[in-house]
Amino acid sequence: MPGIFIFSEDNALAGQLLTPALELKKSLNQPITALALSEADAKALAALGADKVIFLQSASKWVDGFAEAIFSQVSKATASVLLVGGTLRGKTVAAYVAAKLNAGMTTDAKTLKVDNGKVLATRVLYAGLALCEEEVALPAVVTIRARTFLAPPAAATAGTVETVAVEGDSRVTVGAITPTGETGVDISAAGKLVAVGRGFRKKEDLKLAEDLAAVLKAELACTRGVAEDEHWLPVARYVGISGQTVKPDLYLAVGLSGQVQHMVGCRESKVIVAVNTDERAPIFEASDYGIVGDLYEVLPLLTAALRK
Ligand SMILES: Cc1cc2nc3c(=O)[nH]c(=O)nc-3n(C[C@H](O)[C@H](O)[C@H](O)COP(=O)(O)OP(=O)(O)OC[C@H]3O[C@@H](n4cnc5c(N)ncnc54)[C@H](O)[C@@H]3O)c2cc1C
């Protein structure tokens, strides 16, 4: 029986995929099957409204190596739609499965519906300057980035979990997983962010932003230049088209110009506040509140005021 399938190796993202999947279920009237890489993940997805979760049990930890097993499940069920979490590895898996299914694929969908036997997806183009609508005939493979949707609340009735032993692709084995930098930073999950740009003159000056972040209970984020050119902060903290997408309640942008490649990653923040010396900086166009001023004067004042 045809169905709607979802997969992400990131189980928080897999939960978020259930929201568009539940919408598609209403129009396609087909069950939702989630594919999970651990039993705990499988149970969590079943509780969130997947009708069935298949736990792909394997000794392998190489996500890309599950592509064949995912293709096998999806093709066996003649799935109409496969939604895949748009991580780097997820996109590799999605492309593999789409090619093997000879199915159309669209990436980074922001909205999704099915009409007349086709998936209609909107996606952002030109770093956020345009939205385009794509039509993909069924069966379709669609990737969706983290935090495009919120996960649904727990379902009234949990779905079933089935364990299927699969052979991971044996060409690559994972010997060890070693974090590249600081661990535990997930700016995409932060409720408040203080984002820093090249308006800071040297790394030590980021202390001003750290102090402000501490009183706000916020995480630090940054522009690509701060992470990749200056190496002042880890790459995991930069926001933008080639970095993280964030949707915090507060995005406090300090000494960053607000170029489109950066803004595409944070424009959906609830409230954006900017501090910049240049009143014509593009960041002010996207901001709810702006302070035209020197961060070296403004930040200590803000931190002191918030401490009171
Ligand atoms: C293909 C491509 C992909 C890219 N992807 C990304 C991405 O994912 N993320 C990203 O961030 N960038 C990305 N970029 C780079 C992007 O185009 C910008 O160059 C970058 O975002 C600018 O970083 P910035 O705002 O830190 O620096 P700048 O543009 O140099 O801005 C510094 C700002 O600080 C202000 N300032 C200076 N001194 C002070 C002071 N004392 N007090 C207050 N304000 C001050 C200045 O007025 C200025 O507005 C990409 C570029 C390309 C070409």
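Here the structure is a predicted model, which is why all the values come from computation and not from measurement.

Conventions we followed
- Residues numbered from 1 in each chain as written.
- Predicted model: local features only at pLDDT ≥ 70, side-chain atom pairs only at ≥ 80, totals over all residues.
- Heavy atoms only, no water.
- Pairing = 2+ DSSP bridges.
- Helix = DSSP H or I, 4+ residues; strand = E, 2+ residues; numbered from the N terminus.
- Axes fitted to C-alpha atoms, helices over the stretch in contact; angles between N-to-C directions.
- Parallel < 35°, antiparallel > 145°, perpendicular 65-115°, else oblique.
- Left-handed = near helix turned anticlockwise from the far one by under 90°.
- Contact = heavy atoms within 4.5 Å.
- Nonpolar A, V, L, I, M, F, W, Y, C, P; charged D, E, K, R; others polar.

A. Quick look at the sheet that holds strand E14 (residues 271-276). The five strands lie next to each other as E12-E11-E13-E14-E15, forming an open sheet whose pairing is parallel. The two strands at the open ends of the sheet, each matched to only one other strand, are strand E12 (219-222) and strand E15 (289-292). Across this sheet, the average inter-strand angle for adjacent strands is 20°, counted without regard to direction. For strand E13 (residues 250-254) and E14, the ladder comprises five bridges, and the chain directions are parallel. From the neighbouring strand, Ala253 faces E14, where its bridge partner is Ala274.

B. Region of the structure containing the packing of helix H1 (residues 11-28) against helix H2 (residues 39-47). Running from N to C, H1 and H2 point in directions that differ by 25°, and their axes come no closer than 10 Å. Taken together, the axes of H1 and H2 are roughly parallel relative to one another. Read as a crossing pair, H1 and H2 show a hand that is right-handed. Across the interface between the two elements, Asn11, Ala14, Gly15 and Leu18 from H1 touch Asp41, Ala44 and Leu45 from H2. By residue class, the composition of the contact of H1 with H2 is four nonpolar, two polar and one charged.

C. How the structure looks around the sheet that holds strand E1 (residues 4-7). Spatially, the seven strands line up as an open sheet ordered E5-E9-E4-E1-E2-E3-E10, and their pairing is parallel. Sheet topology places strand E5 (104-106) and strand E10 (160-165) at the edges, where each strand pairs with a single neighbour. The average undirected angle you get between the axes of adjacent strands in this sheet is 20°. Summarising the sheet, E1 and strand E4 (residues 81-85) pair through four bridges and their orientation is parallel. By the bridge assignment, Ile6 is partnered in E4 with Leu83.

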